[in-house]
Amino acid sequence: MVFMGLCKQEGVIFAMIAPYVLSSELMTTLNIDLHTHSCISDGVLTPSQLVTRAAERGVDVLALTDHDDVSGLAQAVEAAHASGLQLISGVEISVTWQSQTLHVVGLRIDSPSAELMAGLAGLRAGRKDRAVRIAAQLQRFGIHDSLAGAWQQTGNPELIGRLHFARFLVASGVCKDVHSVFKRYLSKGKPGYVAHEWATLDEAVGWIRASGGQAVLAHPGRYELGSGKMASLLGLFSELGGAGIEVVTGSHTPDQYLRFARLAQQFKLLGSRGSDFHTPEDSYRDVGRLPQLPAGCTPIWHDWALN
Ligand code: AMP
Ligand code: MN
Ligand code: MN
Ligand code: MN
């Protein structure tokens, strides 16, 4: 599609330039968003509504990366066929590393392995147990029936998360928006926060690789890690077979784009770009509305066959 557009714009002479020029041109001009959520996890749009929204905003390549669940991918792939965008099968796996929660995105998990499926089922079961503990904590602080309330906010009977509790607290008038709920109740150290053990980093990377996919450390700027610990994490991630890190993501500042582009180069990791879109109303970024990766950062998609 873009190829045709370029040819039309630049004429026959452009089409005769060496293929390398064309493919590098394509890499920088495609609108690529490799981190988004649907109602299968804590987004609000169905997978097909998400794909339609992305297509309307000019996205050429979209990854659906729901938390700990891949059951939205079939619908997304089908919708992508109809919309003409390229759908990348993804997932965002919850990980505990040195007492920190980290997120690892798996991209191109076209053949989810038995290990991945079993691992994600375990994480979802853990989420259900955690939800019971979150509700018990909130009850102690005078918020009743939040377990049933949060389940009502879910779009998938197999997956519950903190954002579903947050939406329930907004719907019941306790807080004005979900950000206030996290600030007052659900962030680390707040009344409704409960500690939880997710997958290990090793497991998450292994499950993704066993599915033929590439592991990408999500939104590294969101973790509370000093520069020494960040370096240990990136070194370990690369050793375990991690392929890249998110450089341009909805929650990074422009300074962080540059910092993580440098770190990616230093640790020989590729750079990824994704909005982390959840809802039309209160996402950091709308789907597909992201700047390009900084120069010198090799895109995770550099060797993908994109059209
Ligand atoms: P969970 O994986 O269930 O612990 O929930 C984590 C999710 O909560 C993230 O993926 C975000 O979607 C959402 N989240 C975390 N912090 C905030 C915040 N401050 N404001 C809004 N949403 C948040
Ligand atoms: Mn989320
Ligand atoms: Mn995340
Ligand atoms: Mn996410």
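The structure this text deals with has already been given above.
One structure accompanies this document, and this report is about it. This one's a predicted model, so the numbers in the text were calculated from it and none came from an experiment. (Residues numbered from 1 in each chain as written. Chains lettered and ligands numbered in written order. Predicted model: local features only at pLDDT ≥ 70, side-chain atom pairs only at ≥ 80, totals over all residues. Heavy atoms only, no water.)

### So, the coordination of the manganese ion (ligand 3)
For a metal bound by four donors in tetrahedral geometry, the ideal donor-metal-donor angle is 109.5 degrees, whereas six donors in octahedral geometry ideally sit at 90 or 180 degrees.
Consideration 1: Note on the manganese ion (ligand 3): its protein donors are Glu-92 (OE), His-103 (ND1) and His-219 (NE2). The metal-donor distances range over 2.1 to 2.2 Å.
Consideration 2: Expressed as a motif, the donor residue spacing for the manganese ion (ligand 3) is E-x10-H-x115-H. (Donors = N, O, S within 2.8 Å, 3.2 Å for Na, K, Ca; no water.)

### Focus on the coordination of the manganese ion (ligand 2)
Consideration 1: Within the first shell, the manganese ion (ligand 2) binds the protein through Asp-42 (OD), Asp-42 (OD), His-67 (NE2) and His-278 (NE2), at distances of 2.2 to 2.7 Å.
Consideration 2: Around the manganese ion (ligand 2) sit six donor atoms, and with donor-metal-donor angles ranging over 52 to 157 degrees the site reads as irregular.
Consideration 3: Binding-site remark: the manganese ion (ligand 2) is held by donors from one chain whose sequence spacing is D-x24-H-x210-H.
Consideration 4: If you look at the manganese ion (ligand 2) and the manganese ion (ligand 3), they sit 5.6 Å from each other. Taken together, the residues Asp-42 in the loop between strand E1 (32–33) and helix H3 (47–56) and His-278 in the segment after strand E7 (270–274) connect sequence positions 236 residues apart. With respect to class, Asp-42 is no different from His-278; both count as buried. (Tetrahedral: all angles 85-135°; square planar, octahedral: opposite > 155°, others 65-115°. Helix = DSSP H or I, 4+ residues; strand = E, 2+ residues; numbered from the N terminus. Buried < 20%, exposed > 50% of the residue type's maximum accessible area, 1.4 Å probe, protein only.)

### Brief notes about the environment of Arg-222
Consideration 1: Relative to the helices and strands, Arg-222 is located in the loop between strand E5 (214–217) and helix H10 (227–239).
Consideration 2: Of the residues examined, Arg-222 reaches a relative accessible area of 38% and is grouped as partly exposed.
Consideration 3: In this structure the C-alpha to C-alpha distance between Arg-222 and Gln-256, which are 34 residues apart in sequence, comes to 10 Å.
Consideration 4: Ignoring sequence-local partners within four residues, the contact set of Arg-222 consists of Ser-251, Asp-276 and Tyr-284.
Consideration 5: Looking at Arg-222, its side chain comes within polar contact range of the side chain of Asp-276, at 3.5 Å. (Contact = heavy atoms within 4.5 Å. Polar contact = N/O pair within 3.5 Å; in protein donor to acceptor, adjacent residues only side chain to side chain.)

### Side note on the pattern of salt bridges
A pair can form between side chains of opposite charge whenever their charged atoms are brought close.
Consideration 1: Throughout the structure, instances matching the rule amount to eight salt bridges.
Consideration 2: Across the pair Asp-69 and Arg-124 runs a salt bridge, and its minimum N-O distance is 3.7 Å. In this pair, Asp-69 is assigned in the loop between strand E2 (61–64) and helix H4 (73–83) and Arg-124 in helix H5 (residues 114–140), connecting sequence segments 55 residues apart.
Consideration 3: You can call Asp-69 buried: its relative accessible area is 4%.
Consideration 4: Residue class for Arg-124 comes out buried when judged on its relative accessible area of 16%.
Consideration 5: Residues Lys-128 and Glu-158 are paired through a salt bridge, measuring 3.0 Å at the closest nitrogen-oxygen approach. Of this pair, Lys-128 sits in helix H5 while Glu-158 is found in the loop between helix H6 (146–152) and helix H7 (162–171), placing the two residues 30 residues apart along the sequence.
Consideration 6: Taking the relative accessible area as the measure of exposure, Lys-128 reaches 30% and is therefore partly exposed.
Consideration 7: Within this structure, Arg-53, Glu-56, Arg-57 and Asp-286 form a network of salt bridges that share partners. (Salt bridge = Lys/Arg side-chain N within 4 Å of Asp/Glu carboxyl O.)

### A look at H7
Consideration 1: For H7, the tally of buried residues reaches seven of ten residues, placing the bulk of the element in the interior.
Consideration 2: Gly-173 occupies a position one or two residues after H7 and carries a positive phi of about 80 degrees.

### Here's the deal with the site of ligand 1
Consideration 1: Around ligand 1 lies a shell formed by Asp-42, His-67, Arg-127, Arg-130, Gly-161, Arg-162, Leu-163, His-179, Phe-182 and His-278.
Consideration 2: Within the side chain of Asp-42, a nitrogen or oxygen atom sits 3.2 Å from an oxygen atom of ligand 1.
Consideration 3: Note that an oxygen atom of ligand 1 is positioned 2.9 Å from one of the side-chain N or O atoms of His-278.
Consideration 4: When the free accessible area of ligand 1 is taken as 500 Å², the share hidden by the protein chains comes to 82%.
Consideration 5: Within the residue set of the shell around ligand 1, elements represented by two or more residues are H5, H7 and helix H8 (178–186).
Consideration 6: For the shell around ligand 1, the per-class residue count stands at two nonpolar, four polar and four charged. (Near = heavy atom within 4 Å. Areas by Shrake-Rupley, 256 points an atom, 1.4 Å probe, with all protein chains shown as cover. Nonpolar A, V, L, I, M, F, W, Y, C, P; charged D, E, K, R; others polar.)

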